[in-house]
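# Secondary and tertiary structure notes
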Amino acid sequence: MNASLQIGNLAGIPVKLHWSFLLVIPLFAWIIGSQILLTTELIAALFGVPIDVTLIAAGLNPYILGTVVALGLFVGVFIHEMAHSLIAKAKGIKIHSITLLILGGVSQMEETMPDPKVELPMALAGPLTSLAIGLVSAALVYVFDAIVADPGVAGVLVFTFGYLGLLNILLFGFNLLPAFPMDGGRVLRAWLARRMPLSRATRIAADVGKAFAVLFGIVGLLLLNPILIIIAFFIYIGANQEATFLRYNILLQDVTVADAMSSPVVTVEPTTPLSRLVEMMYETKHLGFPVVERGALVGIVALADVHKISPLDREAMQVRDVMTRNPTTLPPSAPLLDALRVITGKDIGRIPVVADGALVGIVTRTDVLRVMELREEE
């Protein structure tokens, strides 16, 4: 969520706003405003309450009310995500942030092996919170209809809270669809994991999620509904990512960096000419080396760094001119899964392994994949 701006901190959890959120609010406001009379009739029929449209339909009020309803919906989404996060935090899971974005909100939590006893209440917390918001909003419809004397003002309040009640109840139902990795899919996995191994439960839940994604995609294409198509895309990708993440967790469980690292390490000095560096890459078949000066690790250099320099300029340059300084390192005792997270998260090919200030090895993406292949054969 690099394109996000932190707007506050609640219960120790950073709250961020993604740039896409700024696009969707005007879009939702326009959609709601342009259909306001049709929606008013629907709300009046659903709640059995007459709605005076005098103020609702006047001037720019449809779009102002559209903005209010859109913001209210995202407040509900934020509370929904807070419910997830507070339950997770109470269960000992670290919450990095909550981000509001174009399709709602997402809680960024510490990546751990899923525990069905924790996942079930955490997954249910969000939808149940949306249901509670929806029911309270629906109750306020009848309260305002009964106590507000001005028909125009009553109409505005009934429309606003009726719309929010309807949207939040729909959000409750939609989130409980067993389309992993949505909340309903996580509930399904937690329920399955009580009856079978977690890996199998995840695979079944992911397959169900993909089936829903395909269904949403087909319906979206038939109805020419881009939102359904986008949702289908995110569900399908999310199901794949979750299944892959769990596979990595299971295969790399109890494996440390020391088990996978290469040692001793071929190193270069900062003064090594780039031409000599390229020769060493050909000789050793390694595409990167730690850079050591007087026994201390000072950087790391890779073929990608060399490629940034034109062949003519390389002749006059040394490793110090292109190396990455202060590289990310790991101790030998670190879980190999941490190495995989760093490699994929920072898109790097290798991590120096340091113990007591001394370089003792290096772990690469290939090393991690090799360990996974070996563990799959066991």
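Residues numbered from 1 in each chain as written. Predicted model: local features only at pLDDT ≥ 70, side-chain atom pairs only at ≥ 80, totals over all residues. Heavy atoms only, no water.

Looking now at the overall build of the protein chain. A count of helices and strands for the protein chain gives 14 helices and nine strands. Here the C-alpha atoms of the protein chain give a radius of gyration of 27 Å, more than 25% beyond the 21 Å that 2.2 N^0.38 yields for 378 residues. Seen through its principal axes, the protein chain has C-alpha atoms that stretch 85 × 55 × 45 Å. The buried share of the protein chain, taken over its 378 residues, is 43%. Within the protein chain, counting contacts between residues at least 6 apart in sequence, those at least 24 apart form 64% of the total. In the form shown here, the protein chain has an accessible surface area of approximately 19,600 Å², with 64% of it arising from carbon and sulfur atoms. For the protein chain, the distance from the average site of its 26 positive side-chain charges to the average site of its 30 negative ones is 4 Å. (Helix = DSSP H or I, 4+ residues; strand = E, 2+ residues; numbered from the N terminus. Rg over C-alpha atoms; globule rule 2.2 N^0.38 Å. Buried < 20%, exposed > 50% of the residue type's maximum accessible area, 1.4 Å probe, protein only. Contact = heavy atoms within 4.5 Å. Areas by Shrake-Rupley, 256 points an atom, 1.4 Å probe, with all protein chains shown as cover. Lys, Arg positive; Asp, Glu negative; His and termini not counted. Charge placed at Lys NZ, Arg CZ, Asp CG, Glu CD.)

Our next topic: a nonpolar patch on the surface. A cluster of nonpolar side chains, contributed by V214, I218, L222, L223, I230, F233, F234, Y236 and I237, occupies part of the molecular surface with about 890 Å² of accessible area. Secondary-structure elements contributing two or more residues to the nonpolar patch are α7 (198-223) and α8 (226-251). It is α8 that contributes the most residues to the nonpolar patch, five residues altogether. On the secondary structure map, I218 appears in helix α7. We classify I218 as partly exposed; its relative accessible area is 46%. (Patch = residues over 30% accessible without salt bridge, like charges linked within 9 Å, V, L, I, M, F, W, Y side chains within 5 Å. Salt bridge = Lys/Arg side-chain N within 4 Å of Asp/Glu carboxyl O.)

Counted under the stated rule, the structure contains seven aromatic pairs. Ring centres of F159 and Y163 lie 5.6 Å apart, and the angle between their planes is 85°; this geometry places the pair in the edge-to-face category. In this pair, F159 and Y163 are both assigned in helix α5 (residues 151-175), four residues apart and thus about one turn of the helix distant. Assessed through its relative accessible area of 0%, F159 is described here as buried. Above the ring of Y236, the side-chain terminus of K210 is found at 5.8 Å from the ring centroid. (Phe/Tyr/Trp six-rings, centres within 6.5 Å; stacked < 30°, edge-to-face > 60°. Lys NZ or Arg CZ within 6 Å of the ring centre and 35° of its normal.)

With that settled, the discussion passes to the sheet that holds strand β7 (residues 324-325). Taken together, three strands build an open sheet; the order of strands is β5-β6-β7 and the sheet is antiparallel. Each having just a single partner strand, β5 (288-293) and β7 make up the two edges of the open sheet. Two elements, β5 and strand β6 (residues 296-302), share six bridges in a ladder whose sense is antiparallel. When the bridges of β6 are listed, G288 appears paired with A302. (Pairing = 2+ DSSP bridges.)

The element strand β8 (residues 350-355) is largely enclosed, with a buried count of five among its six residues. Looking at chain direction, β8 and strand β9 (residues 358-364) are connected through six bridges and run antiparallel. Note on β9: the bridge partner recorded for V354 is L359. In this antiparallel pair of consecutive strands, β8 and β9, the connection spans two residues, and D356 shows a positive phi of 55°.

When you line up the elements, H80 lands in helix α3 (residues 61-90). A relative accessible area of 3% places H80 in the buried class. At a separation of 2.8 Å, a polar atom in the side chain of H80 contacts the side chain of S130. Separated by 3.0 Å, the side chains of H80 and D183 make a polar contact. For H80, the contacting residues outside a window of four places in its chain are G126, P127, T129, S130, L171, N175 and D183. (Polar contact = N/O pair within 3.5 Å; in protein donor to acceptor, adjacent residues only side chain to side chain.)

A word on the packing of helix α2 (residues 36-47) against α5. Between α2 and α5, whose axes approach to 10 Å, the crossing angle comes to 75°. Here α5 runs roughly perpendicular to α2, going by the angle between their axes. Between α2 and α5, the residues in contact are I36, T39, T40, L42, I43, L46 and F47 and V158, F159, G162, Y163 and L166, respectively. (Axes fitted to C-alpha atoms, helices over the stretch in contact; angles between N-to-C directions. Parallel < 35°, antiparallel > 145°, perpendicular 65-115°, else oblique.)

Under the counting rule described, the total for this entry stands at eight salt bridges. In this structure, D347 engages R365 in a salt bridge whose closest nitrogen and oxygen atoms are separated by 3.8 Å. Taken together, the residues span a long stretch of sequence, with D347 in the loop between α13 (336-346) and β8 and R365 in helix α14 (residues 365-377) at a distance of 18 residues. Here D347 falls in the exposed class, since its relative accessible area comes to 64%. Note that D367 and R370 form a salt bridge whose closest N and O atoms lie 3.0 Å from each other. Note that D367 and R370 are positioned in helix α14 at a spacing of three residues, about one turn of the helix. Taking relative accessible area as the criterion, D367 reaches 6% and is therefore assigned buried. When its relative accessible area of 44% is taken as the criterion, R370 is described as partly exposed. A network of salt bridges, in which partner residues are shared, links E119, R186 and R189.

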